[in-house]
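Structural overview for review
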Amino acid sequence: MVEHGKLGKTGNLGKAVDYRELAALAINHYEQMLDPDYHYLPYFFAKIGSDESFAWHSEWDFGDAVGRFLDASILCGEIIGKRIGREAEEHMKEALRWMQSDSDGLFYRMSNEWGVPAGANMFDQRSVFLGLLSWHKFDQDVEALVRMERMLKGMRAIAVERDDYICYPFETYVPGMKVPEQIYTEHGFIVEPTHYGGGVFILPLAIYYERTGDPLAEEMLEKLTNFVVYHSKVFAEDGSFWSQGRYPDDGHFHSKMGAVAGILRYANLKQERTLIDWCQKVYNWACSMGSTYGWFPEGTGLNGEEPVDEKYRWLPGVIQHSETCCTTDMIHAAIYLAKNGNAACWDDADRFANTLVASQVRDISWAKTVTDKEDTKTRTYRDVPERYRGGFTGRMNPNDFSNAGKVDTMACCCAAGGRGLHLVWDNATTWEGDRLYVNIWLNKTSEDVRMEYGVPEEGVLCVTPLRAGDIWIRLPGWLTADEVKCRAPRGLAASVKENYLVVQGLSAGETVALTFAPKLVWRNESVAGKPYEGAWIGNRLFDVKPHGVMPMYKALVIEPEEEL
Ligand SMILES: [Zn+2]
């Protein structure tokens, strides 16, 4: 064992992660950041600093931030089992009503004194779609379904169709605009194909299709996937997506892996092995750009090539700061690769979740609240650190909560953190008939299962299915069956089948308990080209060395007295 004193403030590794606490804190952030003086739109950008803290409006506050915040607030409410964000969610639904066009169903940015040009941004449509999907699913509200149908018709109507694919050769659609005939240059598509061309739209579209079976969604999914995979020239033969300096968003990790997560969900529905294998190839390459604990770069840069456009020469090999959005995309992809036969990816998703824990803004004692400045139309100073508690920062370094001392952060990442928590929490257990699969070990209480995971305080996993059936507990890659003691009720026998510990014939409410030695180990890895050493128990990370300006143990260790 390693001396625990080197990690936490109180000389230990802190307490086990409780997703309900993280989710409740996230909802606090989502509701606090809305601006009641401007249609309850969130402030997209924020700077949290020891010198000053403020947040400001931007063009991304419209469909992108509102759609994501609504989605994440609802999902976090599901984790808690109580929808504590409802009031703010109603304001966000009203903002979406305001943004949706009566004539074409698309969601528009409104021109205003911030200098935002009016139009339907292509990235925004994706984020709104996610918000509408959660609104529809968890509030059982037909209004959300009607709004999605109208939006989808609008998106189909403005798509440009060629051969076997459709695409969007513009960043922002404006009614009456002239769509260019020439949609490719010698270097590729005329706008970044996953950011704006239709790539990121695939994920919500696949979820929508999975739920409704709508033939329009199916047609669009097939044609957008054809565009991204076979025509867009975003991904190279080996799965890589290095920037070529063609657009400001070239190499942008989130839009690439967001699109891949969507294609994977579509491929999963259709059980198209070629596409699943293609996603696995891109995912493997993406893994090599980041860490095993969920840190992924905001972008990949030039790979020794000259930039196509001189303006983008600044891009380095791999950007040294993260985006929490990327962590959530990678968790999404890992989960669906695991569901399609690559069970090791469950461990990936579990390990990636460390960056969700690390990136959540919980300690704000170091940040300064500005009290001598008035809010303006575009900027707020009021209680910004306190309002930011629960948000998820982006732009961390692999060993540093900050970006070399700077915490400048974005609403996209704040929302992606909540969505990521739900992905892990929701998929940690799955029922197939009367068989409960435990895929990821964590603390979870839902209507059909109760699971308690004691690391780091103790090496215990207790699972209580709340329906009668068999239980299949996946043994994670860091633990062998010999290292686990299993206690089942009524003397029921436990057996090992293909990396699963199986107990059959449980009654509802009976508990299976596993115990093991929670060994802390240090492991070296290279992240974005630099060496780091991480302190682990199983898939849970507690520190990364060498320490950055704001060391990772402070972000990873949850102190028992920490008020969440
Ligand atoms: Zn982000």
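- Per an unreviewed UniProt entry, the protein chain goes by Beta-L-arabinofuranosidase (Glycosyl hydrolase family 127) and derives from Paenibacillus taihuensis.

**Brief notes about the pattern of salt bridges**
- Evaluation of the coordinates by the stated rule reveals 37 salt bridges.
- Of the charged contacts in the structure, one is a salt bridge between arginine 156 and glutamate 161, with a shortest N-O distance of 2.7 Å.
- A relative accessible area of 17% places arginine 156 in the buried class.
- Among the residues examined, glutamate 161 registers a relative accessible area of 39% and is labelled partly exposed.

**Considering the coordination of the zinc ion**
- Within the protein, Glu323 (OE), Cys325 (SG), Cys412 (SG) and Cys413 (SG) serve as the donor atoms for the zinc ion, at 2.2 to 2.4 Å.
- Each of the four donor atoms bound to the zinc ion contributes to angles spanning 96 to 116 degrees, and the resulting shape is tetrahedral.
- Residue classification places glutamate 323 among the buried residues on the basis of a relative accessible area of 3%.

**Some thoughts on the side chain of arginine 389**
- Note on placement: arginine 389 falls in the loop between helix H12 (384-388) and strand E12 (407-410).
- One buried charged residue, arginine 389, forms no salt bridge at all, with the nearest opposite charge on glutamate 386 at 4.3 Å.
- A polar contact is formed between the side chain of arginine 389 and the backbone oxygen of arginine 362, at a distance of 3.0 Å.

**As for the sheet that holds strand E16 (residues 449-453)**
- If you trace the five strands from one edge of the open sheet to the other, you get E15-E16-E17-E22-E19, paired in antiparallel fashion. Two strands bound the open sheet, and with one partner strand each, they are strand E15 (444-445) and strand E19 (485-487).
- Two strands pair when backbone bridges link them, and E19 and strand E22 (residues 512-515) are joined in this way by three bridges, in the antiparallel orientation. Within the sheet, the bridge partner assigned to lysine 485 lies in E22 and is threonine 515.

**Description of the side chain of aspartate 347**
- Its location among the elements puts aspartate 347 in helix H11 (residues 344-359).
- Here glycine 477 takes part through its backbone nitrogen, which lies 2.8 Å from a polar atom of the side chain of aspartate 347.
- For aspartate 347, the side chain forms a polar contact with the side chain of asparagine 539, separated by 2.9 Å.

**Observations regarding the sheet that holds strand E20 (residues 494-497)**
- Taken together, five strands build an open sheet; the order of strands is E13-E14-E18-E21-E20 and the sheet is mixed. The open sheet has two edge strands with one neighbour each: strand E13 (429-432) and E20. For this sheet, the mean inter-axis angle between neighbouring strands, taken without regard to orientation, is 25 degrees.
- Pairing geometry for E13 and strand E14 (residues 435-438), over four bridges, is antiparallel. Bridging from a neighbouring strand, threonine 430 pairs with tyrosine 437 of E14.

How each quantity is defined
- The residue numbers shown here count from 1 along each chain, following its written sequence.
- Since the coordinates come from a predicted model, pLDDT governs what is reported: local features require at least 70, and pairs of side-chain atoms require 80 or more to be given and counted, while whole-chain, interface and lining totals use all residues.
- By convention in this description, side-chain values take in all heavy atoms of the structure and omit both hydrogens and water.
- The salt bridge criterion pairs a side-chain nitrogen of Lys or Arg with a carboxyl oxygen of Asp or Glu, the two atoms within 4 Å.
- A simple rule labels every residue: compare its accessible area, found with a 1.4 Å probe on the protein chains alone, to the largest value its type can have, and call it buried under 20%, exposed over 50%, or partly exposed in between.
- Coordinating N, O and S atoms are those within 2.8 Å of the metal (3.2 Å for Na, K and Ca), and as water is not part of the atoms, a site may appear to have fewer donors than expected.
- Under this scheme a four-donor centre is tetrahedral when all angles range from 85 to 135 degrees, a four-donor centre is square planar and a six-donor centre octahedral when opposite donors are above 155 degrees with the rest from 65 to 115, and any other centre is irregular.
- Each helix corresponds to a stretch of at least 4 residues labelled H or I by DSSP, and each strand to a stretch of at least 2 residues labelled E; elements are numbered beginning at the N terminus.
- Asp and Glu are treated as the negative residues and Lys and Arg as the positive ones, with His and the ends of the chain left uncounted.
- Counting of polar contacts relies on pairs of N or O atoms within 3.5 Å, with two restrictions inside protein: one atom must be capable of donating a hydrogen and the other of accepting it, and residues adjacent in sequence are counted only when both atoms are side-chain atoms.
- Strand pairing is assigned whenever DSSP identifies at least 2 bridges connecting the two strands.
- The axes used here are C-alpha line fits, helices contributing only the stretch in contact, and every angle between their N-to-C directions lies in the interval 0 to 180 degrees.

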